[in-house]
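Summary of structural features
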Amino acid sequence: MATIPISDAKAKLPMLVREVAASGQAYIISVNGRPMAELRPFQPEPTPGRFAGRIRADADAFDPITGPDADTWGL
């Protein structure tokens, strides 16, 4: 990950943002030689419930295993 001084980042921010988005390459922004921030590609958070209605389970999916199935599994 490349480090860039804040003065250069300020002068080239639009170009850096486009470069980060296109290449996926992140930058560390430093102030007086010390790392202070990171400029990296945006990754959206997963949306809760995005699989709602897509995953199905039988009503008895969590019932205890009995009968021949239990014998097969050694239960």
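Overview of the structure.

Let's shift gears to the sheet that holds strand β3 (residues 34–39). The strand order across the open sheet built from 3 strands is β1-β2-β3, with neighbouring strands paired in mixed fashion. The sheet is open, and its two edges are formed by β1 (2–5) and β3, each paired on a single side. For this sheet, the mean inter-axis angle between neighbouring strands, taken without regard to orientation, is 35 degrees. Relative to β3, strand β2 (residues 27–31) is paired through 5 bridges, and the arrangement is antiparallel. From the neighbouring strand, Ser30 faces β3, where its bridge partner is Pro35. In this fold helix α1 (residues 6–23) packs onto β1, β2 and β3, with an angle of close to 135 degrees to the strand it touches most, β1.

Our next topic: a nonpolar patch on the surface. A surface patch of nonpolar side chains, amounting to about 410 Å² of accessible area, comprises Ile65, Trp73 and Leu75. Note on placement: Trp73 falls in the segment after α2 (67–72).

So, on to the nonpolar core. Residues Ile4, Ala9, Leu16, Val20, Tyr27, Ile29 and Leu39 constitute the largest nonpolar core, which totals 7 residues. Each residue touching Ile4, except ones within four places of it in the same chain, is listed here: Ala9, Leu16, Tyr27, Ile28, Ile29 and Ser30.

The next thing to look at is the pairing of β1. Two strands pair when backbone bridges link them, and β1 and β2 are joined in this way by 4 bridges, in the parallel orientation. Bridging across to β2, Ile4 finds its partner in Ile29. Since β1 and β2 lie parallel, the crossover through α1 that links them has a hand, and here it is right-handed.

As a further point, take α1. With 18 residues, α1 should reach 26 Å at 1.5 Å per residue; the first-to-last C-alpha distance of 21 Å falls well below that figure. Along its length, α1 reaches its greatest deviation from straightness, about 85 degrees, at Lys12, and the proline Pro14 lies no more than four positions downstream. Taken together, the buried positions of α1 are Ala9, Leu16 and Val20. Tucked inside the fold, the buried residues of α1 contact β1, β2 and β3.

Here we take up the environment of Phe51. On the secondary structure map, Phe51 appears in the loop between β3 and α2. On a C-alpha basis, the gap between Phe51 and Val17 in space is 32 Å, while along the polypeptide they are 34 residues apart.

Cut-offs and rules
- Residues numbered from 1 in each chain as written.
- Predicted model: local features only at pLDDT ≥ 70, side-chain atom pairs only at ≥ 80, totals over all residues.
- Heavy atoms only, no water.
- Pairing = 2+ DSSP bridges.
- Helix = DSSP H or I, 4+ residues; strand = E, 2+ residues; numbered from the N terminus.
- Axes fitted to C-alpha atoms, helices over the stretch in contact; angles between N-to-C directions.
- Contact = heavy atoms within 4.5 Å.
- Patch = residues over 30% accessible without salt bridge, like charges linked within 9 Å, V, L, I, M, F, W, Y side chains within 5 Å.
- Areas by Shrake-Rupley, 256 points an atom, 1.4 Å probe, with all protein chains shown as cover.
- Salt bridge = Lys/Arg side-chain N within 4 Å of Asp/Glu carboxyl O.
- Core = buried A, V, L, I, M, F, W, Y, C linked by side-chain atoms within 4.5 Å.
- Buried < 20%, exposed > 50% of the residue type's maximum accessible area, 1.4 Å probe, protein only.
- Right-handed = clockwise from strand over helix to strand, strands pointing away.
- Expected span 1.5 Å × (residues − 1).
- Bend = angle between axes of the 7 residues up to and from the residue.

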